[in-house]
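Examination of the molecular architecture
What follows is each chain in one-letter form.
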Amino acid sequence: MTGSAPWWKSAVVYQLYPRSFADTDGDGIGDLEGIRRHLDHLQWLGVDAVWISPFYRSPMADFGYDVADYCDVDPVFGTLEDFGRLVQEAHDRDLRVIVDWVPNHSSDRHPWFVESRSARESPKRDWYVWVDGRPDQPPNNWKAAFSATDPAWTWDEATAQWYLHLFLAEQPDLNWRNPEVVAAMHDTLRFWLDEGVDGFRMDVIHALVKQADFPDVDDPWLSTDRLDEPATHALIRGFRSLLDGYPGGREPVSVGEVFILSTAKVAEYYGDDDELHLAFNFPPLFAPWDAAKWRTRVDRVAEEFDPRGAWPTWVLSNHDTPRHRTRYGGSEARARAAAVLLLTLRGTPFVYQGEELGLENAEVPPERQVDPGGRDGARAPIPWDASAQHGWASDPWLPWPPEADVRNVERERADPGSVLNLYRRLLAARRASPALRLGSWSPLPSPDGVLAYQRDHDGGRRVVIVNFTGKRHDVDVAGDWTVEIASDGAGEGRRYSGAVGADQAVVLSP
Ligand code: TEU
C-alpha cells in the first residue's frame, strides 16, 4: 500500500451486526461462527476490516450494548475460542478485526454494578454514579435516551440513592472520575489486544465524564452541555497511549462514536494527534439526499479536520439509523449513487452490513418489535440465498428485509448489474487508486443538484460526479476521461460523454 500511511486511512470498514449476519447453531440469532464461515465472501467483496458490534456476555436489554462481562463472549454468539479462530482466519485473509467497546455504562447485571448496588459501603460503590435525594424527585432534568420522559436516574430502594444511566435503567453509567474504573477498563482494552484485535469502535465516547454537580441543562437528552468535558479528553489520551504503546506493530485503531452534532466539536476529539485516530461525524449521516446540503457538510469536515491533520470517516448507514436507501425515499438508483459518494470522499468509509445488497429497512410489525430504541428495521437479518429460509436454519429473531427473494447474497453475486457488484467494483477501484484512497479532495464546478470533485495523489487523479437529482445534467470536465465506474453500470470503460444521468454517479479516470 501507499507510503507510510497507517492501514486505517486506506481501509474500508464493514460493520457487522452479529445477531443478524449469519446463524450456524439454528437459534435464529447470528453468531461468531457465522461470521467466520462468510469471511471468504467479505474478502471477495473487497473490504479491509470488520467492526463487530458487541458480542460480550449480556442480558441483551440493549442487544449487547449492556455488557455484563467485558472479557467474555455471550453464549448466544459462541465462545472465546470461536472468537480466536475468527481473528486468526480473518488475519489469514488480510482482514482486520475491530471490536466494539462500551465504556460509558455496563449492564446492571455486571458483577461490578451488583456489588456497587449492594451497599453504600461497598468498595465498588464509587464505580458508578450515585447521588442522594428524595425518591419522588430525580436529582436533575437529565433524560434517558430512547424515551421522551424517563429520567436518566433510577432510585435504588435498598440503599436509598439514585444512580445515573444515560441510556436504559439496565445500563448504569460507570464513574470515570474513579481511577479504579480507568484501570479496570484499560485492562479490558489490553485483554482484546492480547486476543489479536486491530482496534476498537468506542461507544458514546464523548459522554464518559459528566458535568460536575449535575446541573439542569437546556436539552436534557444526549446534549453536549452535560457531557463533552475536558476530563473526557484526558481519558481518551490515556486510551490512545495504551493503543499506540501496544507492542507488535499492529497499529491498533480507535474510532470513537462522538454523538455531537457539531463537526467542530467532533474534530476536537482527534486532539493534537493524541486522542482518537478516527471519529464518526453524524451531520452527513443525518443529511437529506441533497447536493447543496452534502456540499456544506463535506466542506465543514475539510475546514475543521484538515488544519489539525484529522482523518475523516464517512457513514451512510448503521445499526441505529434507518438504512440510507429508506431515508432517501426507497430509490435504488439513489442508494447506488450514494455508494459512489461514500466510497470516494476523502476519509475512511464504513459500510453497514446489507447496504451492499441495496437493502431497505424491514417493516417490523408491532408484535415483533423488540428494540427499546425503535431501531429494529435497520437490524433485519441478511438474506444469504433465495430459499424460503434465506440460508438461516430457523426463523430469525427479526423479519426479513423487503424483496429478500431477489435481494440476497447468492442472487446478487451472480448478477453483474447488482448493487453488490457495484460495491465490489468500487472497492476494487479504491484499492487500485492511491488518489481515491489517500488523495486530496477539491470541488469542481457543477450545476445545482450535482456534486463534482477531484481526488489527487502523486500525479494520479480521479474525478467523481454525483447527480442528486432525477434529471440528466451536463457536467463539463476539462480533458479526456474514461468512465471507470458508473452507479448504474452504464458506459463503464467508455469515454465520458459530458453528462450524468438522473440519479447517476460516475468515477472518471484519465
Ligand atoms: O449509540 C449512542 C447513541 O447516541 C444512539 O443510541 C442514539 O441515541 C440513538 O440510536 C438514536 O436513535 C450507541 C450504540 O450505537 C447504540 O446501539 C446503543 O444503544 C447506545 O450507544 C448505548 O450503548
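Cut-off values and rules
- Residues numbered from 1 in each chain as written.
- Predicted model: local features only at pLDDT ≥ 70, side-chain atom pairs only at ≥ 80, totals over all residues.
- Heavy atoms only, no water.
- Helix = DSSP H or I, 4+ residues; strand = E, 2+ residues; numbered from the N terminus.
- Buried < 20%, exposed > 50% of the residue type's maximum accessible area, 1.4 Å probe, protein only.
- Axes fitted to C-alpha atoms, helices over the stretch in contact; angles between N-to-C directions.
- Parallel < 35°, antiparallel > 145°, perpendicular 65-115°, else oblique.
- Left-handed = near helix turned anticlockwise from the far one by under 90°.
- Contact = heavy atoms within 4.5 Å.
- Nonpolar A, V, L, I, M, F, W, Y, C, P; charged D, E, K, R; others polar.
- Near = heavy atom within 4 Å.
- Polar contact = N/O pair within 3.5 Å; in protein donor to acceptor, adjacent residues only side chain to side chain.
- Phe/Tyr/Trp six-rings, centres within 6.5 Å; stacked < 30°, edge-to-face > 60°.
- Lys NZ or Arg CZ within 6 Å of the ring centre and 35° of its normal.
- Salt bridge = Lys/Arg side-chain N within 4 Å of Asp/Glu carboxyl O.

The phi angle at Asp-273 is positive, at roughly 55 degrees, despite the residue not being glycine. Following the sequence through the fold, Asp-273 ends up in the loop between helix 8 (263-268) and strand 11 (278-280). Of note, the phi angle at Asp-503 is positive, near 55 degrees, even though the residue is not glycine. For Asp-503, the location among the structural elements is in the loop between strand 19 (499-500) and strand 20 (505-509). Exposure remark for Asp-503: the relative accessible area of 17% places this residue in the buried category.

Contact geometry of helix 12 (residues 332-342) with helix 14 (residues 419-432) gives a least axis separation of 10 Å together with a crossing angle of 15 degrees. Considering the angle they form, helix 12 stands roughly parallel to helix 14. Relative to helix 14, the crossing made by helix 12 is right-handed. Residue-level contacts link Glu-332, Arg-336, Ala-339 and Val-340 of helix 12 to Val-419, Leu-422, Tyr-423 and Leu-426 of helix 14. Classifying every residue of the contact of helix 12 with helix 14 by side-chain character gives 6 nonpolar, no polar and 2 charged.

Before going further, it helps to examine the site of the ligand. Every one of the 16 residues lining the ligand counts as a neighbour, but Asp-62, His-105, Asp-203, His-319 and Asp-320 are closest to it. Between the ligand and His-319 there is a distance of 2.9 Å, counted from an oxygen atom to a side-chain nitrogen or oxygen. A distance of 2.5 Å is found between an oxygen atom of the ligand and a side-chain nitrogen or oxygen belonging to Asp-320. Across the shell around the ligand, the residue classes tally to 6 nonpolar, 3 polar and 7 charged.

For the structure shown, the criterion picks out 35 aromatic pairs. Here Trp-51 and Phe-350 contribute two aromatic rings whose centre-to-centre distance is 6.3 Å and whose plane-to-plane angle is 75 degrees, an arrangement assigned as edge-to-face. Taken as a pair, Trp-51 in strand 2 (residues 49-52) and Phe-350 in strand 13 (residues 348-352) lie far apart in primary sequence, 299 residues in all. Ring geometry for Trp-153 and Phe-214: centres 5.5 Å apart, planes at 85 degrees, overall edge-to-face. Residue Trp-153 is found in strand 7 (residues 153-156), and its partner Phe-214 is found in the loop between strand 9 (199-202) and helix 7 (230-244); the two are separated by 61 residues along the sequence. Relative accessible area serves as the criterion here: at 2%, Trp-153 is assigned to the buried category. An aromatic cluster of three or more residues is present, and its members are Phe-55, Tyr-56, Phe-83, Phe-191 and Trp-192. Above the plane of the ring of Trp-397 lies Arg-19, whose end atom (NZ or CZ) is 4.2 Å from the centre. Sitting over the ring of Trp-130, Arg-125 keeps its end group 3.6 Å from the ring centre.

Under the definition given, this model contains 37 salt bridges. Notably, a salt bridge pairs Arg-37 with Glu-33, separated by 3.0 Å at the nearest N-O pair. Remark: Glu-33 and Arg-37 occur in helix 2 (residues 32-37); sequence separation between them is 4 residues, near one turn of the helix. For Arg-37, a relative accessible area of 52% corresponds to the exposed category. Residue Glu-115 is joined to Lys-124 by a salt bridge in which the shortest nitrogen-to-oxygen separation is 3.9 Å. Judged by relative accessible area, which is 17%, Lys-124 ranks as buried. Here the residues in one salt-bridge network are Asp-62, Asp-320, Asp-371, Arg-375 and Arg-379, joined through shared partners.

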